[in-house]
Amino acid sequence: MALLGKAALAIWHDPAPEIEGDYNEWHSKEHMYERVGVPGFRRGQRGVALWGAPKYFNFYEVDDFAVLTSEAYLERLNHPTPWTRRITPHVHNNSRTLCHVAASRGAVVTAYAAMILLTPAAGREDELRAWLAGEALAQLLERPGLLGAHLLRGDPSTSGTETVEKRLRGGSNEFVDWVILICGYDSEALEAVRPDALPEALLAERGAASSRVRGIYRLMHCVSETDRPG
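Here the residue numbering is sequential within each chain, running from 1 through the sequence in written order. With the structure being a predicted model, the display of local features is reserved for residues of pLDDT at least 70 and the display and counting of side-chain atom pairs for 80 or more, all residues being used for whole-chain, interface and lining totals. Water and hydrogen atoms play no part in the side-chain values, which are based on all heavy atoms of the structure.

Chemist: So what exactly am I meant to see when it comes to the overall build of the protein here?
Modeler: Note on conventions: DSSP H or I runs of at least 4 residues are helices, E runs of at least 2 residues are strands, and numbering of each starts at the N terminus. In terms of regular secondary structure, the protein is built from nine helices and eight strands. Within these notes, the globule rule equals 2.2 Å times the number of residues to the 0.38 power, and the radius of gyration is based on C-alpha atoms. The C-alpha atoms of the protein give a radius of gyration of 17 Å, which matches the 17 Å a tight globule of 230 residues would have. A principal-axis box enclosing the C-alpha atoms of the protein has dimensions of 50 × 35 × 30 Å. For each residue, the accessible area found with a 1.4 Å probe, counting protein chains only, is set against the maximum for its type, and the residue is called buried under 20%, exposed over 50%, and partly exposed in between. In the protein, buried positions account for 52% of the 230 residues.

Printed below as a string of structure tokens:
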């Protein structure tokens, strides 16, 4: 039921309106299958915002962090397909971070997902991580409508590697520090997490320097390594 590996790639972005239909076709019919064909990539999914920004959330689960810097993955990033070359320059407001999985409880492939982005206060990282990975995530799963809760720790030092795909995207890239990814079947239950279970004041008390909600996203498509066409 937990994430399929010890690392993940978290991406948010906005395709330009004039290519949004082509973007969804590309991501569902080529790009995710290409990614789960890279050794160590286990599953990928795409969500679209009910509210929040950027509009699209892409998420990939991988065996371990080394997969995200592997020669096989970099080879794909440096040799994009013609369809990828057509789409990528029109995808804006990019946020792309390679992440370590700090804790994972329950499901990740659900109808809806919400994300809280946070930055730990200096010197309080271990305290905050221990509370989230233990008590906080476990209590979230006791709430009706919620099925999974996961803590990701971003690694910005490796997230900005220069590749052909990165040059095609152009512009700046946001890196996130930590992500609490909460998954469930009830969007209203996810909406209630921030005010009722993880309010800003509580997270600050437990060691967060800052926190904010990214949004709530509806699952559009999910593929795993076993779904690749033969």
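Read on for the rest.
Chemist: Help me understand the side chain of R96 in this model?
Modeler: Mapping R96 onto the fold places it in strand β4 (residues 91–106). A polar contact is formed between the side chain of R96 and the side chain of Y73, at a distance of 2.9 Å. Polar contacts, as used here, are pairs of N or O atoms within 3.5 Å; protein pairs need one atom able to donate a hydrogen and one able to accept it. Residues neighboring in sequence count only if both atoms are side-chain atoms.

Chemist: Help me out: how do you make sense of helix α4 (residues 125–140) in this one?
Modeler: An α-helical segment advances 3.6 residues per turn. Residues three or four places apart therefore align on the same side. Bend, in this description, refers to the angle at a residue between axes fitted to the seven residues ending there and the seven starting there. Helix geometry: α4 is bent most strongly at L132, by close to 40 degrees. Restricting attention to buried positions, one finds in α4 the residues L128, W131, L132, A136, L137 and L140.

Chemist: Even after reading the chapter, I still don't get the nonpolar core, so can you show me in this structure?
Modeler: Among soluble globular proteins, nonpolar side chains are generally buried collectively. With 24 residues, the main nonpolar core has L132, L140, I180, I182, V193 and L198 as its most contacted residues. Of all the secondary structure elements, the ones that give two or more residues to this core are β5 (112–120), α4, β6 (146–154), β7 (178–184), α7 (187–191), α8 (193–197) and β8 (208–224). A total of six residues in this core trace back to one element, the largest contributor, which is α4. Residue contacts follow a heavy-atom distance rule, with two residues in contact if any of their heavy atoms lie within 4.5 Å. If we skip the residues at most four places from it in the chain, L132 touches L118, L137, L151, W178, I180 and L203. Counting residues in each nonpolar core, the second largest holds 18 residues, with A8, L152, V179 and C183 among its members. Here the nonpolar core consists of buried residues drawn from Ala, Val, Leu, Ile, Met, Phe, Trp, Tyr and Cys, with membership extended through side-chain atoms lying within 4.5 Å.

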